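# What the coordinates show
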Amino acid sequence: MGIPLLDLKAQYLGLKDELDTVWFEVMGSAGFIGGPRVKALEEQIAAYCGTKYAVACGNGTDALFLIMHALGIKKGDEVITTPFTFFATVECIAHLGATPVFVDVEPGTYNMDVSQVEAAITDKTRAILPVHIFGQCVDMDPLLEIAERHGLVVVEDACQAIGATYKGKRAGSLARAAAFSFFPSKNLGCAGDGGMITTDDEELAKAAKKMASHGSSKKYYHDTFGTNSRLDSLQAGILSVKLPHLDEWNAERAAAAALYNELLADSGLELPITRGYGDAVFHLYIVKAESAEIAAKVIGAMGEAGIGTALYYPLALHEQEVFALNGIAVPSLPVAESCDNRTFALPAFPGITREQQVEVVRVVKEALAL
Ligand SMILES: *Cc1c(COP(=O)(O)O)cnc(C)c1O
């Protein structure tokens, strides 16, 4: 009997009656796109994050793109971001013709090293796009201070961080706007794709919403080119059922992380560092092995024991072929590069038992001793 990286079936069974009710109601109503469920979810997410507005869209990738488009990011602009993230973070920049500029990450939190941002600013820089990676907020105050001094806009990629806090405020309310993903494996996941934008900026909210519905604020009247990025009412209904449980699930993830920290203290693995400025929600619990060979050995042993794991991320973004192929200059970023094939996840999902964690640790330590 294995231990998955994430147990979504158990989560479904725990809320089966409520989730099935949503399913049958939506099927029965035949109202599949938009509608009251989507509006209700937007209000719930805005209230949860502490923002004035929330705009639903098709997925987290679109949320990022819609924000950057609404901000007018365009060809020739530079956007400072992190190389240690999912590829979608930089796609939104590249698709607008702008250039991603990477700064290195901090060891242990894997978040953007804010102390390196100022040196990366040029007269083309328009925006900074920090990612709250693995569910821990970036150190936002010094970042916002730099942005303010240079007249730059800051957007949060909060796709892995719903519920995380920074100095008492929730991720999603810490900068001009934020992108969330409801991909099934995220801390708040739906039954397909879904996304959300949060912001206090009414103009930005309106522009993003318009862009998401074919550049139209009045049906069949268009004064700009947009796209199609919608949330299904089924997904919205599912998310509204799950949202009230999110804090409890995030607390369970954090408790699982704390137990691993204790059990693995003497393992020789580099354990995640949490900063004192807020609560991390451990989208993933990431450890770093001393070498890629050791990581491969542990990952192999976990695989054989039926324990879920994966490299996050096998290759930092600035080293991906696509940048060289597109003539984008990339600096050498030693901390991010030191993570290649060495950082991997241990199962730390809500509901994981102490016994399961002890078993994961046993398998990991046995592999490390070989
Ligand atoms: C998941 C994720 C995205 C993209 O979200 P999708 O809903 O899959 O499009 C963007 N950025 C980060 C950091 C993510 O983890």
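In the block above lies the structure referred to throughout.
Residues numbered from 1 in each chain as written. Predicted model: local features only at pLDDT ≥ 70, side-chain atom pairs only at ≥ 80, totals over all residues. Heavy atoms only, no water.

## Observations concerning helix α5 (residues 88-95)
Residues of α5 that are buried include every one of Ala-88, Thr-89, Val-90, Cys-92 and Ile-93, and no others. Packing partners of the buried residues in α5 comprise α4 (60-70), β2 (78-81), β3 (99-102), β4 (125-129), β5 (153-157) and α11 (321-325). Where α5 terminates, the next one or two residues include Gly-97, which has phi positive at roughly 85 degrees. (Buried < 20%, exposed > 50% of the residue type's maximum accessible area, 1.4 Å probe, protein only. Helix = DSSP H or I, 4+ residues; strand = E, 2+ residues; numbered from the N terminus. Contact = heavy atoms within 4.5 Å.)

## Thoughts on the pattern of salt bridges
For the structure shown, the criterion picks out 18 salt bridges. For Lys-210, the salt bridge identified is with Asp-223, shortest N-O distance 2.6 Å. In this pair, Lys-210 sits in helix α7 (residues 202-212) while Asp-223 sits in the loop between α7 and α8 (233-242), placing the two residues 13 residues apart along the sequence. Given the relative accessible area of 62%, Asp-223 is considered exposed. Within the structure, one salt-bridge network assembled from shared partners comprises Lys-74, Asp-77 and Arg-126. (Salt bridge = Lys/Arg side-chain N within 4 Å of Asp/Glu carboxyl O.)

## A look at a nonpolar patch on the surface
On the surface, Trp-23, Phe-24, Met-27, Phe-32 and Ile-33 cluster together into a nonpolar patch covering about 530 Å² of accessible area. Within the fold, Phe-24 resides in helix α2 (residues 16-29). (Patch = residues over 30% accessible without salt bridge, like charges linked within 9 Å, V, L, I, M, F, W, Y side chains within 5 Å. Areas by Shrake-Rupley, 256 points an atom, 1.4 Å probe, with all protein chains shown as cover.)

## A word on the sheet that holds β4
Strand order in this open sheet of 7 strands is β1-β9-β8-β5-β4-β2-β3, and the pairing throughout is mixed. The sheet terminates laterally at β1 (53-57) and β3, the two strands that pair on one side only. Strand-to-strand twist in this sheet, taken as the mean axis angle between neighbours without regard to direction, amounts to 25 degrees. Pairing between β4 and β5: 2 bridges, direction parallel. (Pairing = 2+ DSSP bridges. Axes fitted to C-alpha atoms, helices over the stretch in contact; angles between N-to-C directions.)

## Re the site of the ligand
Within the structure, the ligand sits among 14 residues, and Gly-60, Thr-61, Asp-157, Ser-181 and Lys-186 are positioned closest to it. Contact between the ligand and Gly-60: an oxygen atom at 2.8 Å from a main-chain N or O atom of the residue. Residue Thr-61 places a side-chain N or O atom 2.5 Å away from an oxygen atom belonging to the ligand. When the ligand sits alone it has 380 Å² of accessible area, and the protein chains cover 92% of it. For the shell around the ligand, the secondary-structure elements that each account for two or more residues are α4 and α5. With 3 residues, the single largest contributor to the shell around the ligand is α4. (Near = heavy atom within 4 Å. Polar contact = N/O pair within 3.5 Å; in protein donor to acceptor, adjacent residues only side chain to side chain.)

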